[in-house]
Amino acid sequence: MATAYLVDDVDPEDRVCLKDNDIYYAAQQDDMVDYFPTQTANSFPPSTEDEITETQIPQVSTPPHYGSISEIINNLGKSGEEVDPRLEQRVRDFKNARQRRVEKFGHEKPWGILGLYEHLASIRIDLEWAEDAAFRRDNNHPYLSWSDFNTKRKKGSNRPFFTYALLLICTVMLIVSFGVNGWKIEPLSVNPMVGPSAQTLLDLGAKQSALIVIEGEWWRIFTPMFLHAGIIHYGLNMMALWFVGAAIEKSHGVVNTAIAFIIAGIGGTVLSALFLPQYISVGASGGIFGFIGMCISDICVNWNLLFIKENEEDSGNRCRHFMVILWLLFDIIINCVIGLTPFIDNFTHLGGLIYGFLCGLCTIERLEVGFFGVATDGCTQFKNIAVRFSGLIVSVLLIVITTILLVESDGVSSTCNGCRYVSCVPFPPWTEDKFWHCDDCDQVSADAKKINTNSEYFDLLDLTCPNGQMESIDIIDEKVSDREVIRKNLPSYCRANCEVVFFSSQN
């Protein structure tokens, strides 16, 4: 009597009972297409029963190696090209998952860093499903459809709880900052981000090197990550955190995400404190740029699998993927432009980007190309291990070195006065009446004097310039009697009368 093979893991209406010399497959109508490898019934172990109820699939050994995943996929279905059926099945699983995703969610849109990481995360999930399907075939485990696998990844412990916590903390601190500021919004000439005053931000933990080094308030290298300069700054950062942070946490887990955010945030703040000691800065941007750096390292580490050419007519999709990378670079440039405004620091941005990239090298899970039969020799494996450990070692060394340099500094002066223009540009440049300046005149002091004791007006102003030089300024013609008016005008007196408007290391 002929032996029949019955697949119990498929819905009853989709089951196919196969006899000798028939092709062994499951007739799925959705995402179960080509789940089982192509085999003939005679290739299975003999059975003493006329019908069995368990799937009989031989163990699949490691498929032969090829040059690249794109080469393998392009060879599928070509006449005269033989591809190992085990490898072919794995590639078909992956292509099937990609097809199901397009049918369910539509084509991905390359919306900057958001669209890019959504694409990377979807590729990773689909590869994991293909690997899971291969494991289940090899070990006779029940089949898990792509739809169920994708839904399972979005539920339970896979939720981005760390990202949610950051959103909550930053929101609470923004409300607190407005409360401490008397529920007032400073003029745009003081804070163009529509937010509180500099003193309020300092009271809540903003970065300023003098307070860190001289006063010993080292907690200020950590607290700026949860403060924001204003509503505009907060809105931009929270949007990026909601999409980018959540996508990274879903893909790489809460531990790796927290490590990247904290190291990038602290490392960027230390770098800022070293090069811009008098600059007051706040924001989660260092950690968010750490996420962007982590995304870049993910692209570099998994390039061959993340940008697969699935057929020779697929150049349009590859072009779309490269356009997404251009959008990523555009996002970085836009954030750096925003970093030229007061209280937002490009040294924190760029430092976070570097640290995030290095953290990504050592924490991101490398997608195994061996699953698709791509050869990896001993030299390649050693290089992968070296890259992983180098990211951790270099990031730790950089933080240690920059922290030591900060400790040994005076916390006031910078050996690179021109570096301030990396993080601040006077605007608008075409007029003397600017919204904000990038000097140290906001922190000068002066002594107002009355030469004529019978007059209600001040006659002379002894101004201490940022470099320590004293300037005597005649203000008798201005007829000023209010010290508060003089205090508000001190920056203007400084810029008009001081030869040096920056704190200098030669003080």
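Caption draft 1: Quick look at the overall build of the protein. Across its full length, the protein carries 15 helices and seven strands. Here the protein holds 507 residues, and the buried ones make up 49% of them. Sequence-distant contacts, at least 24 apart, represent 69% of the contacts inside the protein between residues at least 6 apart. Summing over all exposed atoms, the protein offers an accessible surface of approximately 24700 Å²; the carbon and sulfur share of this is 59%.

Caption draft 2: Local environment of the pattern of salt bridges. Scanning the entire structure with this criterion turns up nine salt bridges. Residue Arg 98 pairs with Asp 126 through a salt bridge whose shortest N-O separation is 2.6 Å. Note that Arg 98 is positioned in helix α2 (residues 85–105) and Asp 126 in helix α3 (residues 112–138), a separation of 28 residues in sequence. An identical accessibility class is assigned to Arg 98 and Asp 126; each is buried. Between Arg 136 and Asp 132 there is a salt bridge, and its shortest N-O distance comes to 2.7 Å. With Arg 136 and Asp 132 both in helix α3 and four residues apart, the pair spans about one turn of that helix.

Caption draft 3: Highlighting the nonpolar core. Among the nonpolar cores identified, the biggest contains 30 residues, and Leu 166, Met 238, Leu 241, Phe 261, Phe 291 and Leu 406 are the most heavily contacted of them. Mapped onto this core, the elements with two or more residues apiece are α5 (161–180), α7 (209–213), α8 (231–252), α9 (254–275) and α10 (285–301). In terms of residue count, the dominant contributor to this core is α9 (seven residues). If we ignore the near neighbours within four places in the chain, the residues touching Phe 291 are Leu 241, Val 244, Gly 245, Ile 248, Thr 257 and Phe 261.

Caption draft 4: Structural view of the pairing of strand β6 (residues 460–464). Two elements, strand β5 (residues 445–449) and β6, share five bridges in a ladder whose sense is antiparallel. When the bridges of β6 are listed, Ala 446 appears paired with Leu 463. Where β6 meets strand β7 (residues 470–474), five bridges bridge the pair, whose relative direction is antiparallel. When the bridges of β7 are listed, Leu 463 appears paired with Glu 471. Linking β6 to β7, which pair antiparallel, is a turn of five residues; within it Gly 468 sits at a positive phi near 95°.

Caption draft 5: Region of the structure containing the state of the cysteines. Tallying each qualifying case throughout the model produces three disulfides. Here Cys 424 connects covalently by a disulfide to Cys 438, the sulfurs 2.1 Å from one another. Since a negative S-S torsion denotes a left-handed disulfide, the Cys 424-Cys 438 link at about -75° is left-handed. Taken as a pair, Cys 424 in the loop between α14 (378–408) and β5 and Cys 438 in the loop between α14 and β5 lie far apart in primary sequence, 14 residues in all. Taken as a pair, Cys 424 and Cys 438 share a single burial class, namely buried. Each sulfur in the disulfide pair Cys 465 and Cys 498 lies 2.0 Å from the other. Its S-S torsion of about -85° marks the bond between Cys 465 and Cys 498 as left-handed, since a negative value means left-handed. Of the two residues, Cys 465 is situated in the loop between β6 and β7 and Cys 498 in the segment after α15 (483–497); the sequence distance between them amounts to 33 residues.

Caption draft 6: Representation of the confidence of the model for the protein in the model. Mean pLDDT over the protein: 76, with 73% of residues reaching 70 or higher. Here strand β2 (residues 23–24) stands out as the element of the protein with the lowest mean pLDDT, 32, in contrast to α5, whose mean of 96 is the highest.

Caption draft 7: Molecular detail of the sheet that holds β5. Taken in spatial order, the three strands make up an open sheet running β5-β6-β7, and their pairing is antiparallel. Edge positions in the open sheet fall to β5 and β7, since each of these has one partner strand only. Neighbour-to-neighbour, the strand axes of the sheet open up by a mean angle of 20°, direction not taken into account. Contacting β5, β6 and β7, α15 runs over the sheet at an angle of about 60° to β6.

Caption draft 8: Just the packing of aromatic side chains, in detail. What the rule picks out here adds up to seven aromatic pairs. Between the aromatic rings of Phe 261 and Phe 291, the centroid separation amounts to 5.7 Å while the plane-to-plane angle is 40°, which identifies the pairing as tilted. One end of the pair, Phe 261, is in helix α9; the other, Phe 291, is in helix α10, with 30 residues separating them in the sequence. The two residues Phe 261 and Phe 291 agree in class, both being buried.

Caption draft 9: Quick look at unusual backbone geometry. The backbone of Asn 140 shows a phi angle near 55°, a positive value even though the residue is not glycine. If you trace the backbone, Asn 140 turns up in the loop between α3 and α4 (146–153). Although it is not a glycine, Lys 479 adopts a positive phi angle of roughly 50°. Relative to the elements of secondary structure, Lys 479 occurs in the loop between β7 and α15.

Caption draft 10: Broad picture of a nonpolar patch on the surface. A surface patch of nonpolar side chains, amounting to about 900 Å² of accessible area, comprises Ile 385, Phe 389, Leu 392, Ile 393, Val 396, Leu 397, Val 400, Ile 401, Ile 404 and Leu 405. Residue Ile 404 is classed as partly exposed on the basis of its relative accessible area of 43%.

Caption draft 11: Representation of the environment of Ile 475 within the structure. You can see Ile 475 is positioned in the loop between β7 and α15. Linking Ile 475 and Lys 449, residues 26 residues apart in sequence, is a C-alpha distance of 9.7 Å. Filtering out sequence-adjacent residues up to four positions away, Ile 475 remains in contact with Phe 458, Asp 459, Leu 460, Leu 461, Ile 486 and Tyr 493.

Caption draft 12: Structural detail: the side chain of Asn 150. Along the chain, Asn 150 turns up in helix α4. Setting aside residues no more than four positions away along its own chain, Asn 150 makes contact with Arg 101, Phe 105 and Ile 125.

Caption draft 13: Representation of the packing of α5 against α8. Two elements in contact, α5 and α8, have axes whose closest approach is 9 Å; the angle formed by their N-to-C orientations is 170°. Considering the angle they form, α5 stands roughly antiparallel to α8. Across the interface between the two elements, Phe 161, Phe 162, Thr 163, Tyr 164, Leu 166, Leu 167, Cys 170, Thr 171, Leu 174 and Phe 178 of α5 pack against Ile 231, Tyr 234, Met 238, Leu 241, Trp 242, Gly 245, Ala 246 and Glu 249 of α8. Classifying every residue of the contact of α5 with α8 gives 14 nonpolar, three polar and one charged.

Quick notes on the rules
Residues numbered from 1 in each chain as written. Predicted model: local features only at pLDDT ≥ 70, side-chain atom pairs only at ≥ 80, totals over all residues. Heavy atoms only, no water. Helix = DSSP H or I, 4+ residues; strand = E, 2+ residues; numbered from the N terminus. Buried < 20%, exposed > 50% of the residue type's maximum accessible area, 1.4 Å probe, protein only. Contact = heavy atoms within 4.5 Å. Areas by Shrake-Rupley, 256 points an atom, 1.4 Å probe, with all protein chains shown as cover. Salt bridge = Lys/Arg side-chain N within 4 Å of Asp/Glu carboxyl O. Core = buried A, V, L, I, M, F, W, Y, C linked by side-chain atoms within 4.5 Å. Pairing = 2+ DSSP bridges. Disulfide = S-S within 2.5 Å. pLDDT = per-residue confidence, 0-100. Axes fitted to C-alpha atoms, helices over the stretch in contact; angles between N-to-C directions. Phe/Tyr/Trp six-rings, centres within 6.5 Å; stacked < 30°, edge-to-face > 60°. Patch = residues over 30% accessible without salt bridge, like charges linked within 9 Å, V, L, I, M, F, W, Y side chains within 5 Å. Parallel < 35°, antiparallel > 145°, perpendicular 65-115°, else oblique. Nonpolar A, V, L, I, M, F, W, Y, C, P; charged D, E, K, R; others polar.

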